[in-house]
Amino acid sequence: MPVLVIPLLTTLIAGFIMIVVLGKPLSSLMTALTNGLNSLSGGSAVILGIVLGLMMAFDMGGPLNKVAYTFATTGLTAAAVASANATAPLKIMAAVMLAGMVPPLALALATVVRPKLFSPAERENGKAAWLMGASFITEGAIPFAAADPLRVIPSIMAGSAVTGALSMALGVGLRAPHGGIFVLFAVLNIVGFLIALVAGVLVAAGLVVLLKGMSKTNAEEITAVA
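Our subject in this report is the structure included herewith. All values reported here derive from a predicted model rather than from experimental measurement. Residue numbering note: each chain is counted from 1, following its sequence as written. Selection of residues for local features in this predicted model requires a pLDDT of at least 70, selection of side-chain atom pairs for listing and counting requires 80 or more, and totals for whole chains, interfaces and linings are taken over all residues. Side-chain numbers here rest on the full set of heavy atoms in the structure, without hydrogens or water.

With that settled, the discussion passes to the environment of leucine 188. Working definition: helices are DSSP H or I runs of at least four residues, strands are E runs of at least two. Numbering for both runs from the N terminus. Looking at the element boundaries, leucine 188 is found in strand β2 (residues 187–188). Throughout, exposure labels follow a simple rule: accessible area from a 1.4 Å probe, protein chains only, divided by the maximum for the residue type, with under 20% read as buried, over 50% as exposed, and the rest as partly exposed. Accessibility expressed as a relative area gives 34% for leucine 188, which makes it partly exposed. Spatially, the C-alpha atom of leucine 188 lies 9.7 Å from that of threonine 87, the residues being 101 residues apart in sequence. A contact between two residues is defined here by any heavy atoms of the two lying within 4.5 Å. Leaving out residues up to four positions away in the same chain, leucine 188 has contacts with Leu90, Gly171, Val172, Gly173 and Arg175.

Once that is clear, we can look at the environment of alanine 78. If you trace the backbone, alanine 78 turns up in helix α3 (residues 63–82). Its relative accessible area of 44% is what places alanine 78 among the partly exposed residues. Counting along the chain gives 11 residues from alanine 78 to proline 89, while the straight-line C-alpha distance between them is 8.3 Å.

Moving on: the pattern of salt bridges. Close approach of charged atoms allows side chains with opposite charge to pair. Any carboxyl oxygen of Asp or Glu that lies within 4 Å of a side-chain nitrogen of Lys or Arg is treated as forming a salt bridge with it. For the structure shown, the criterion picks out four salt bridges. A salt bridge links lysine 66 to glutamate 139, with the shortest nitrogen-to-oxygen separation between them at 3.8 Å. With a gap of 73 residues between them, lysine 66 in helix α3 and glutamate 139 in the loop between α5 (120–134) and α6 (142–147) connect regions that are remote in the sequence. Here lysine 127 makes a salt bridge to glutamate 124, at a shortest N to O gap of 3.1 Å. On the criterion of helical spacing, the pair formed by lysine 127 and glutamate 124 is a turn pair, its members being three residues apart in helix α5. According to the relative accessible area criterion, glutamate 124 is partly exposed, its value standing at 48%. When salt bridges with common partners are traced through the structure, they connect Asp148, Arg151 and Lys212 into a single cluster.

This paragraph deals with the packing of aromatic side chains. For any pair of aromatic rings, the description consists of the separation of the ring centres together with the inter-plane angle of the planes. Note on aromatic pairs: the rings of Phe, Tyr and Trp (six-membered ring only in Trp) are paired at centre separations within 6.5 Å, and the planes decide the class, stacked below 30 degrees, edge-to-face beyond 60, tilted for the rest. Scanning the model with the defined rule gives two aromatic pairs in all. With centroids separated by 5.9 Å and ring planes inclined at 50°, the aromatic side chains of tyrosine 69 and phenylalanine 136 adopt a geometry described as tilted. Placement of the pair is tyrosine 69 in helix α3 and phenylalanine 136 in the loop between α5 and α6, with a sequence separation of 67 residues. The partly exposed category is assigned to tyrosine 69, whose relative accessible area is 21%. Ring plane angle 85° and centroid distance 6.1 Å describe the contact between phenylalanine 118 and phenylalanine 144, whose orientation is recorded as edge-to-face. A residue pair is termed long-range when its members are at least 10 positions apart, and phenylalanine 118 in the loop between α4 (88–113) and α5 and phenylalanine 144 in helix α6 qualify at 26 residues.

Of note, lysine 212 is situated in helix α8 (residues 190–225). Polar contacts here mean pairs of N or O atoms no more than 3.5 Å apart (in protein, one a potential hydrogen donor and the other a potential acceptor; neighbouring residues in sequence count only if both atoms are side-chain atoms). Of the polar contacts made by the side chain of lysine 212, one reaches the side chain of aspartate 148; its length is 2.9 Å. The contacts of lysine 212, once residues within four sequence positions are left out, are Leu117, Phe118, Asp148, Arg151 and Val152.

See below:
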């Protein structure tokens, strides 16, 4: 039962729900989000960067994250086919990748700056998050967000939004769909790339430390009064 029957039944039930019940609503939502991003890809470059940053950090590999990433890679592919001089898709790809790198890097930094605010398991996850963030694997932030979503998710969203906006404002471009810092050879304006990344990481890490620190202080005050 636990090896074959239960996993098979749960897979069939989950698949049925996804295809029959949730398939069309999710498809409509993804289409609407993509159309919304397309409507911003004209003169509202900084606003688009903010929106992409928020989407990349909100669910860290979930539907919103994947819509933003697919939007960027689709534009990158179209630019490669249509014209090597098209810069707008390259800027979108850079904003998306940079924003996706911020959450794990910020949380890794936060565990170093204020380790006492994190559990031993989170501090271990922080060590792995350095490499995951540098490699553009946003999912490295999931353990932290799962443990404390109300403080972690808003913090990393703010940091990613700052990075997305700066990336667009500084005209950073990227010709590679993945790779993080390991594809710097494909980056246009490396200095801007680093500035946008560092700024977002500092903002997100600072907010995480601030919010967690306030929570710990409040908890200690309540304990002292009790």
